[in-house]
Amino acid sequence: MPLTLWRDISPVGHPLRRPTNKSPHVLVVGGGVTGLISSWVLLDRGYRVTVVSSAWASDEQRLTSQIAGALWEFPPAVCGQHTDKISLAHSKHWSMTSYHIWDGIASIPSLSEASGVRMMPSDFFFPEPVDGDKAQLSKMTEIMASGVRGFYRGADIIDERGVDLSYGAVDAYELLAPVIDTDKAMSWLMELVESKGANLVTETIQDDLVEIEDELRARFGADVIVNATGLQGQILAGDESVYPIRGGLIRVINDGSDFPKVDAALTITADAARSSNEIIFLVPRNDNILLIGGITEPHEWNLDLTLDSPIIRRMRERCEKFLPGLENARLDADYPFAQGLRPFRGQNVRVERELRRTGSRIVHSYGHGGAGWSLSFGCAQDVAMLVDEALEGMPARPMSETVFERKAAGFQRPQGGR
């Protein structure tokens, strides 16, 4: 069964199962959303956890997890880069596990405020009827059957949201989705895992983990290592297929004074538009900020975009044509533009044990692309399973052998003394 809020994890400042001095110790490498939520799940299972990261969430130098749009989506996501069938099958399961936990957090007003998580209408628009696109119809059917709340399909959404009819949208559907204020959420997650007993260590690891596994485990007294390092998986997992997809978001004031306040996420996905150059991504970040996006630039490593970069100017013009009134928007003076590198890999998301060394106790969780928040709890559930397997001495297996098994088995609490 899937990971469940309050039964398997809790958002309160102590672990559900308190560790002892004999409880296994897990070293989590990576302080982004994937590393922190994996740590949360492990802590509530009774593990001792140390998190090592070269940097932590802050307002001065934001991590990729903070820059993310952080709109929950059913895969494949808006940026349309999810192509591996094995990873995609896993990701659909991971995303729904995450959906229900974020929904549970958002349902409690005090938790919603503290974590920056809200449920909000999320609208998807299409340049042709969904019925005429086999892939989009299949995805919509899966979404309808998935258990999301508030699903509705109708072209009347186009007029209701003020979308310019000349832009070409002819069909749409809506669902309630988690929308996350990532600055607030990352601070909350850091405080939460620390209060549950995690030890946070600032250190940069720059070697392939399989080469330094024994040394790292000895130095930290760790029984298992979890690699949640995003793009650094290229080095730490020896994975040459890892690459960035650069993205950028404009931040404008969304208080209703310059244009009608946007109170729903509005998107046209790359797979619907059949072009990564035609993405529409408008997401209310919090009560006062609207994110305008988006772009996908594979293999671009430099963060040298500006508001005047041609691709950013085209992105803004595209969104202004889609939603009249945005041309009057005022930039957020404190933080007008965000850019970051989404961590992709050739076979998309990897949640898998180390396969290059027999007996290794390394568990990998990286390559989430632009979907780290959407897949977070589902991936963390599988990380915990793989940690259990490594400790039990079970042989490592590739994701291709476990895709259907993991769906059926779900989350099981370990028996015994953790």
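Please read these numbers as outputs of a predicted model, since none were measured by experiment. (Residues numbered from 1 in each chain as written. Predicted model: local features only at pLDDT ≥ 70, side-chain atom pairs only at ≥ 80, totals over all residues. Heavy atoms only, no water.)

Caption draft 1: Quick look at the pattern of salt bridges. Applying the stated criterion across every chain yields a total of 31 salt bridges. In this structure, the salt-bridge partner of Arg62 is Asp183, at a minimum N-O distance of 3.1 Å. Note that Arg62 is positioned in the loop between strand 2 (48–53) and helix 2 (64–67) and Asp183 in helix 7 (residues 182–195), a separation of 121 residues in sequence. The class for Asp183 is buried, based on a relative accessible area of 17%. The shortest N-O distance in the salt bridge between Arg161 and Asp123 comes to 2.6 Å. Of this pair, Arg161 sits in the loop between helix 6 (156–160) and strand 5 (171–180) while Asp123 is found in strand 3 (residues 117–126), placing the two residues 38 residues apart along the sequence. With a relative accessible area of 17%, Arg161 lands in the buried category. The exposure class assigned to Asp123 is buried, which follows from its relative accessible area of 0%. Three or more residues are tied together by salt bridges with common partners; here these are Asp123, Arg161, Glu174 and Asp263. (Salt bridge = Lys/Arg side-chain N within 4 Å of Asp/Glu carboxyl O. Helix = DSSP H or I, 4+ residues; strand = E, 2+ residues; numbered from the N terminus. Buried < 20%, exposed > 50% of the residue type's maximum accessible area, 1.4 Å probe, protein only.)

Caption draft 2: Looking closely at helix 1 (residues 33–44). With twelve residues, helix 1 should cover 16 Å at 1.5 Å per step; its first-to-last C-alpha distance of 17 Å lies within 8% of that length. Of all twelve residues in helix 1, twelve are buried, a share of seventy percent or more. For helix 1, every residue scored as buried is listed here: Val33, Thr34, Gly35, Leu36, Ile37, Ser38, Ser39, Trp40, Val41, Leu42, Leu43 and Asp44. Taken from the residues just after helix 1, Gly46 is the one with a positive phi, measuring 100°. (Expected span 1.5 Å × (residues − 1).)

Caption draft 3: Up close: helix 12 (residues 372–391). Along helix 12, the sharpest kink reaches roughly 35°, centred on Gly378. By the criterion of burial, helix 12 is predominantly enclosed, with 19 of the 20 residues buried. Gly393 sits one or two positions beyond helix 12 and adopts a positive phi of about 80°. (Bend = angle between axes of the 7 residues up to and from the residue.)

Caption draft 4: Spotlight on the sheet that holds strand 15 (residues 362–366). Spatially, the six strands line up as an open sheet ordered 6-2-1-7-15-14, and their pairing is mixed. Of all the strands in the sheet, just strand 6 (199–202) and strand 14 (350–353) have a single pairing partner and so form its edges. Geometrically, the sheet is characterised by an average inter-axis angle of 15° between neighbouring strands, direction not taken into account. Here strand 14 pairs with strand 15 via four bridges, running antiparallel. (Pairing = 2+ DSSP bridges. Axes fitted to C-alpha atoms, helices over the stretch in contact; angles between N-to-C directions.)

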